[in-house]
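Remarks on the overall topology
Below are the chains, spelled out letter by letter.
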Amino acid sequence: MSVWTDRILQEFPADLSRFWIARDPDGLLLDERILHGLRERGFEVLPFEDSVSFRTEYEERYRAAWDTGREGTAKALVLQLRGTDLNSLPWDYIRSARTLNLSLADLFPKLSYGVVRQIDSEHHEALFQACKKHTAQPLGEGATKDFILTHIFRLSPYLLSRPEDFWREVLRLHYRGTGLPELLAQHVAAVLRDTPLNALPIDELLKSKAFMVRTVQDAWSRFIVRYGVETPSSEGKPAESNTPIVPFDHPDVRVIIDTMFLEGALQPIEAHIQPDDLPDWIRVGLIDDPQALTHLVSEGAKRIATDLPSTGASHRDWVEAARRLAELLYRFNELKAADADGLQRQIETLQKEADVRLKDWVFKHFADLPSLPVAKAPVMVHHVPRYLAMRRDSGEERIALLVFDGLALDQWVQIREDLAARSPGFSAEEGACFAWLPTLTSISRQALFSGLKPREFQKSMATTAQEPSLWAKFWQENGLRKTEVIFQKGLKRSEQLEALEEALSKPTTKVAGLVVDMIDEIVHGAMLGKRGITGQIREWCDTGFIEKLFLMLSKHGYHIYLTADHGNVDAEGIGRLSQGVVSELKGERVRAYRSEDLASSVPPGIDAFQFGGPGLPTDFLPLYASGRGAFVPKGNKIVAHGGMALEELIVPFVKIKMKKE
C-alpha cells in the first residue's frame, strides 16, 4: 500500500461505523487504488447522484441485511458526496452515518488548490511524496505550476531553448501516455512566448496526443522528401505546408520516433523511389519492399508482449495496451495472406497472454470501474451519456452519439486510416472505454444508451427494444424535452442519410443517438475470420457512407462522438451446450443462468468459468468460454463476442472533427 493510499484509508477505521458520509468535492474516493483499498477492508463506495436511486440501492443491498444482523453486500458503505453541502442528503442518512471531509486543499496545504485540482488522480501519489520532500513553505499559483511540471512531468519550460529540446519533451510526454493538463500546457506556452518556439502550437502539442501525432505524421511526410524519397503524394517535389518542422535527425528525437513507428502510433509511408545512401534509421518509417511491414508487425508484437500490464495495473494501462494491440492488429490484417501466415503464431501467443493477464485483472479490479469519475472521459460505456451531458453543459449545444455496433478497436483504426486518406478535413481525439460484462449487445449497448448499470434495467436485459425510451428518459432527466432527442438504429448505407438528415436538421433537435450496425452484420456473417472482415470493411468504407455521415452531422453543427458496445474476436468451438431453456441468455462466448445449480449443470468437459461481476442482478450468473473459445461444435471457427478478451472488452471512444468545406 502506498503512502498516499494509506493517508486516505486512515480516515476509515474498521468497525467504527457501518454507514459513512464522505464530503469529497475532489472525487478522491473515486481513484481506483483507493476504491480497491477500501474494498479489501470491506468498505463499498457508492456515489450519491440522486436520493431515489441511492435509497433503492442502500435499502435493498445493505440496510435490509444489516437490520437482520447479516453482513450483506459489504461490511460498511461509504456515501460519496461530490460536494460539501449535507443539506442535499436525506435527514435519516445524516443522523445514522459517520461524517468526514476529504479535500485536496487539506492534503496539499502548501500548493495552490486551483492548480492541484486540475491534475489527474493518477499523479496524486507522486505529488504527495514530492511535497513531503521538497516543499518548505506555501507556493503561489505560478510556483505550484512549476513545481508540478518539475516533479511530476519532469519538464522545465525554462530549459526548452532549442527545437530539439522541445520536441524531445513533447514526444516523451505522449509516449508515456500522459499529456499535460490544459492549465499547465498554457503555462508552458506563456513561458515560451518570447522564444523562437512561439511559432509552434505549443499548448495543443503538449495537451493533445492526437494533435501531436497528426502534426508529426505530416512533418515526416515533408521530412523524407528532403532526403530524396518519392512517395505517391510527393511526385518528387516538396509540398508547401504550414506543418512545423520536426528535427527527426536529432538522436534524442529519433529514438522515440523509431518506437512510435514500430508500435503503430505513426504510420510508415510508401516509398516509390529512394536514394541508395538513405540512412538506415529513416527506413523504419518507409514501406519500400514487401517485407518492410511484416518486420514492423513482428517487432511491434515483441515490444507489446514485453510491456503487457500486470494485475496491479490501472485501467488506463489496459486502455493503452488495447490501443497498441489494435494498431498492431490493423497492420497485421493489412498484410498479404502469405506474410500474415508466417506471423500468425506470434500474434496468437501475444493475444493469449494479454487475455490471461486481463482476466486476472478483471477478477480483481473490474468492480471498481463503474464508480470511477467521468468528468474527463468515460471509463465504462454506461458513463457515456453522463459525460455527454457534461459536454452540453460546457457549451456543446448539439451532440450526436454514433454507436458502431460490434466495432473492435483494430477495426476503428482501419476506418480512421481510411478517413484520414480520403478526407483531409478529418481528425479524431481518440480514447477508449470498457464495455459491460458480458459483452453482449442487449447488455452493454443498453447500458450505453441508458446510463444505467445492467441490474437497473434487468427486466429488459435480453432485448434492445427499450433503448429509444431509455435514451430519451436520460436526456429528459437532464433538462431536454422529448422532441429534442432522437434515436435511430439500423444505419449502414448512404441511401438512408437523406431521411436521417431531415430529422437532424430540425432546429429543435439537440441530441441524436444513432446505431450504425454494418460491422455487427459483417461479423455475424463472417466466413474467413477477422482478416476477411478487414476486406469487407474496406469495401464499406469505399461507399463513402461514414464520411458522408460525419460531414452531414458537422454541417448541422453537431459535436460527433463515436463508440461501440463491444468488440469481436476470432474464436474456436469448444463444444455446443444443448441445455434447452436452462440457460437464461445464450451467446456464442457466454451463457447466463439464474442460479448456481443451473450454472453448474454445464458438462465437465466444457472449458468455462464463472464471473458475476458488479452491476449485474444477483440471480444473473454468466458462464464464459475460456480463452478464445465459443460454445459451438468443437473446431468450428467463428468471429464472436460476449467474452472478456481484450478486443471484446475495451472499445473506442472518439471525438470526430470534420473541417467544413
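**Looking at the overall build of the protein**
In terms of regular secondary structure, the protein is built from 26 helices and 19 strands. Radius of gyration (C-alpha) of the protein: 26 Å, near the 26 Å computed for a compact globule of 661 residues. Here the C-alpha coordinates of the protein stretch approximately 80 × 70 × 55 Å along the principal axes. The 661 residues of the protein split such that 56% are buried. The contacts in the protein between residues at least 6 apart in sequence include a share of 75% that link residues at least 24 apart. Taken as a whole, the protein presents about 28,700 Å² of accessible surface, with 49% of it coming from carbon and sulfur. Across the protein, 81 positive and 93 negative side-chain charges occur, with their mean positions spaced 3 Å apart.

**A look at the sheet that holds strand S19 (residues 650–658)**
Within a sheet, neighbouring strands are paired by backbone hydrogen bonds and run either parallel or antiparallel to one another. The strand order across the open sheet built from six strands is S8-S19-S11-S7-S10-S9, with neighbouring strands paired in mixed fashion. With one partner strand each, in any of the chains shown, strand S8 (426–434) and strand S9 (485–491) form the two edges of the open sheet. For this sheet, the mean angle separating the axes of adjacent strands, direction not counted, is 20°. Running over the sheet, helix H20 (residues 467–477) touches strand S7 (399–404), S9 and strand S10 (511–516) and is turned about 150° from S9.

**Description of the packing of aromatic side chains**
All told, the structure shown has 37 aromatic pairs when counted by the stated rule. Plain terms: the ring middles of Phe449 and Phe487 are 4.9 Å apart, the flat faces sit at 75° to each other, and that makes the pair edge-to-face. Of this pair, Phe449 sits in helix H19 (residues 441–450) while Phe487 sits in strand S9, and the two are 38 residues apart along the sequence. Since its relative accessible area comes to 0%, Phe449 is described here as buried. The ring of Trp281 carries Arg254 above its face, with NZ or CZ at 4.6 Å from the centroid. The ring of Phe609 has Lys359 sitting right over it, with the charged end atom 3.9 Å from the ring centre.

**Remarks on the pattern of salt bridges**
Applying the stated criterion across every chain, the model contains 48 salt bridges. Here Glu334 and Arg538 are joined by a salt bridge, their closest N and O atoms 3.2 Å apart. In this pair, Glu334 is assigned in helix H15 (residues 315–334) and Arg538 in helix H23 (residues 529–542), connecting sequence segments 204 residues apart. Given a relative accessible area of 30%, Glu334 falls into the partly exposed group. Among the charged side chains, a network of salt bridges with common partners joins Arg162, Glu164, Asp165, Arg168, Glu169, Arg172 and Asp252.

**Points about the sheet that holds strand S18 (residues 637–640)**
Spatial strand order, S17-S12-S18: three strands in an open sheet with mixed pairing. Two strands close off the open sheet at either side, each with one partner strand: strand S17 (629–630) and S18. Where strand S12 (residues 569–573) meets S17, two bridges bridge the pair, whose relative direction is parallel. Its bridge partner lying in S17, Glu572 is registered against Gly629.

**Remarks on the side chain of Gln217**
The topology assignment puts Gln217 in helix H12 (residues 209–226). Gln217 sits in the buried class, given a relative accessible area of 18%. Polar side-chain contacts of Gln217 include one of 2.8 Å to the backbone oxygen of Gln267. When sequence neighbours within four positions are dropped, the list of residues in contact with Gln217 reads Leu266, Gln267 and Ile269.

Definitions and limits used
- Residues numbered from 1 in each chain as written.
- Predicted model: local features only at pLDDT ≥ 70, side-chain atom pairs only at ≥ 80, totals over all residues.
- Heavy atoms only, no water.
- Helix = DSSP H or I, 4+ residues; strand = E, 2+ residues; numbered from the N terminus.
- Rg over C-alpha atoms; globule rule 2.2 N^0.38 Å.
- Buried < 20%, exposed > 50% of the residue type's maximum accessible area, 1.4 Å probe, protein only.
- Contact = heavy atoms within 4.5 Å.
- Areas by Shrake-Rupley, 256 points an atom, 1.4 Å probe, with all protein chains shown as cover.
- Lys, Arg positive; Asp, Glu negative; His and termini not counted.
- Charge placed at Lys NZ, Arg CZ, Asp CG, Glu CD.
- Pairing = 2+ DSSP bridges.
- Axes fitted to C-alpha atoms, helices over the stretch in contact; angles between N-to-C directions.
- Phe/Tyr/Trp six-rings, centres within 6.5 Å; stacked < 30°, edge-to-face > 60°.
- Lys NZ or Arg CZ within 6 Å of the ring centre and 35° of its normal.
- Salt bridge = Lys/Arg side-chain N within 4 Å of Asp/Glu carboxyl O.
- Polar contact = N/O pair within 3.5 Å; in protein donor to acceptor, adjacent residues only side chain to side chain.

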